[in-house]
Amino acid sequence: MGNETAAALANFAPIALMLLIFYFLLYRPQKKAQKERQEMLDSLKVGARVITIGGIYGTITALTDEIVTLKIAEHVEIEMARGSINAVASNKNVDA
């Protein structure tokens, strides 16, 4: 029985190793990035300068749970889904 158990574990070891590799290289970093993105979306406030997924810079003028209204030019505002915000723009990258 000892040899059969050792053989079974030897056959299972590569599969377990692959699962560990997938967890640490794929699943865990993806969950971390997803959590950081959700925190960024939850922390949006009126007046924040943001960049959309499409590359449009704008300033948030109104905000709901689902919709963000961005001022992208003088007298030009657009409504977007909150999830389409890619990042909060830093002041050094944006002309005020």
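Residues numbered from 1 in each chain as written. Predicted model: local features only at pLDDT ≥ 70, side-chain atom pairs only at ≥ 80, totals over all residues. Heavy atoms only, no water.

1. Some words on the overall build of the protein
The helix and strand inventory of the protein stands at one helix and five strands. Helices and strands in the protein line up, N terminus first, as α-β-β-β-β-β. Against the globule reference of 12 Å for 96 residues, the protein gives a C-alpha radius of gyration of 23 Å, more extended than a compact globule. By its C-alpha atoms, the protein is 80 × 30 × 20 Å across when sized along the principal axes. Expressed as a percentage of its 96 residues, the buried residues of the protein come to 19%. (Helix = DSSP H or I, 4+ residues; strand = E, 2+ residues; numbered from the N terminus. Rg over C-alpha atoms; globule rule 2.2 N^0.38 Å. Buried < 20%, exposed > 50% of the residue type's maximum accessible area, 1.4 Å probe, protein only.)

2. Thoughts on the sheet that holds strand β3 (residues 67-73)
Pairing is antiparallel across the open sheet formed by five strands, whose spatial order is β4-β3-β2-β1-β5. The sheet terminates laterally at β4 (76-81) and β5 (85-88), the two strands that pair on one side only. The mean inter-strand angle of the sheet, taken between neighbouring strand axes irrespective of direction, is 45°. Here strand β2 (residues 57-63) runs beside β3; their pairing, made up of four bridges, is antiparallel. Within β3, the residue paired with T59 across the bridge is K71. (Pairing = 2+ DSSP bridges. Axes fitted to C-alpha atoms, helices over the stretch in contact; angles between N-to-C directions.)

3. A short note on the packing of aromatic side chains
Counted by the stated rule, this structure contains two aromatic pairs. Aromatic ring contacts, followed pair by pair, group Y23, F24 and Y27 into a single cluster. (Phe/Tyr/Trp six-rings, centres within 6.5 Å; stacked < 30°, edge-to-face > 60°.)

4. Here's the deal with the pattern of salt bridges
Working definition: two side chains of opposite charge can pair if their charged atoms are close together. Tallying each qualifying case throughout the model produces one salt bridge. Here K71 ties to E74 by a salt bridge, and the two come within 3.9 Å at their closest N and O atoms. (Salt bridge = Lys/Arg side-chain N within 4 Å of Asp/Glu carboxyl O.)

5. What about the environment of G55?
Mapped onto the elements, G55 comes out in the loop between β1 (49-52) and β2. Through-space distance from the C-alpha of G55 to that of K35 is 22 Å; in sequence the pair is 20 residues apart.

6. Concerning a nonpolar patch on the surface
The grouping of L17, M18, L20, I21, F22, Y23, F24, L25, L26 and Y27 at the surface amounts to a nonpolar patch, some 1,100 Å² of accessible area in total. One can find M18 in helix α1 (residues 2-42). (Patch = residues over 30% accessible without salt bridge, like charges linked within 9 Å, V, L, I, M, F, W, Y side chains within 5 Å. Areas by Shrake-Rupley, 256 points an atom, 1.4 Å probe, with all protein chains shown as cover.)

7. Structural notes on unusual backbone geometry
Even without being glycine, H75 reaches a positive phi, approximately 65°. Tracing the chain through its elements places H75 in the loop between β3 and β4. Judged by its relative accessible area of 75%, H75 falls in the exposed class.

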